[in-house]
Amino acid sequence: MENANTAPRLPRKRRSLAQELVTVLSEQIRDGELKRGDKLPTESAIMEAHGVSRTVVREAISRLQAAGQVETRHGIGTFVLDTPSPSGFRIDPATVVTLRDVLAILELRISLEVESAGLAALRRSDEQLAAMRAALDALNESAAHAGDAVASDFAFHLEIALSTGNRYFTDIMTHLGTSIIPRTRLNSARLAHDDQQHYMGRLSREHEEIYEAIARQDSDAARAAMRLHLTNSRERLRQAHEEAQAQRG
């Protein structure tokens, strides 16, 4: 890619630099800046263009490979496999604006991510487990400092999808993006009549249970923990939705 030196540099303060790089490269593929058959710049060129380490570049390339967007040919380089069709499956974040919309997304996530967690428990690598741990640590740190935890929350769920080894789980999660996280659209803690710190603490415990089940490769426990996590989120918001309807009525 000839314009590597003019590519946007990634923010240095973000914990999930690999996911940031995945987003940048995915957008270049989607926008046609990188076309099918194009060779990606070398690791060194990407490091210089985006101001990231070799480890970050390799993790990003690994995620793009898992998503079926690129292919690495040893001794030759990494090449773009396909450009996602703009007419393909996509949920426009702008349309996810009401409690009803968020509840519908949660129903979809339950059907998708419960099985994803079970497969991840059976198939994850040590490196993928470490990436889940890093995402959870970033999530806990953001919550502790009242920061924006949405990106790291999504990164954790995306890592689980990547760990299935099934590109279609990753494709759907990538298409959904951070719009699947209720806090992107709504103040979930306020709607659930909960203190923000207590609310985030409950979410953290639910995430930890999912992680621990995947870590010990217990697929049944991983499915159960993911179902409990997403069902709890759905029920908290469903109750808020019913209360809001009752007040209007």
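That block above? That's the structure.
Just so we're clear, the structure is a prediction, and the values are computed from it rather than from any experiment.

### Details of the overall build of the chain
Along the chain, the regular secondary structure elements total 10 helices and 2 strands. When the elements of the chain are put in sequence order from the N terminus, they spell out α-α-α-β-β-α-α-α-α-α-α-α. The 249 residues of the chain split such that 47% are buried. Relative to all contacts within the chain whose residues are 6 or more apart in sequence, the contacts with residues 24 or more apart total 72%. For the chain, the computed accessible surface area is about 12,700 Å², with 49% contributed by carbon and sulfur atoms.

### Details of the environment of Glu141
By the element assignment, Glu141 lies in helix H5 (residues 126-144). Exposure remark for Glu141: the relative accessible area of 41% places this residue in the partly exposed category. Along the backbone, Glu141 and Ser152 are 11 residues apart, and their C-alpha atoms lie at a distance of 9.7 Å.

### Things to note about empty space enclosed by the protein
Under the definition given, this model contains 2 cavities of 30 Å³ or more. In this structure, the second largest cavity spans a volume of roughly 70 Å³. Considering the residues around the second largest cavity, the lining is formed by 11 residues, among which Val22, Arg63, Leu158, Thr170 and Thr174 are closest to the centre. Listed by contribution, the elements that provide at least two residues to the lining of the second largest cavity are helix H1 (17-30), helix H3 (54-66), helix H6 (150-163) and helix H7 (167-176). A per-element tally of the lining of the second largest cavity places H1 first, with 3 residues. Considered class by class, the residues forming the lining of the second largest cavity number 5 nonpolar, 5 polar and 1 charged.

### Things to note about unusual backbone geometry
The phi angle at Gln217 is positive, at roughly 60°, despite the residue not being glycine. Along the polypeptide, Gln217 turns up in the loop between helix H9 (196-215) and helix H10 (219-248).

### Topic: the side chain of His207
Within the secondary structure layout, His207 lies in helix H9. When sequence neighbours within four positions are dropped, the list of residues in contact with His207 reads Leu136, Leu139, Asp153, Phe156, His157 and His229.

Rules used in this analysis
- Residues numbered from 1 in each chain as written.
- Predicted model: local features only at pLDDT ≥ 70, side-chain atom pairs only at ≥ 80, totals over all residues.
- Heavy atoms only, no water.
- Helix = DSSP H or I, 4+ residues; strand = E, 2+ residues; numbered from the N terminus.
- Buried < 20%, exposed > 50% of the residue type's maximum accessible area, 1.4 Å probe, protein only.
- Contact = heavy atoms within 4.5 Å.
- Areas by Shrake-Rupley, 256 points an atom, 1.4 Å probe, with all protein chains shown as cover.
- 1 Å grid on protein atoms, 1.4 Å probe; cavity = no way out; pocket = protein on both sides within 12 Å on 5 of 7 lines; lining within 4 Å.
- Points joined across faces, edges and corners; volume = space filled by probe spheres on them.
- Nonpolar A, V, L, I, M, F, W, Y, C, P; charged D, E, K, R; others polar.

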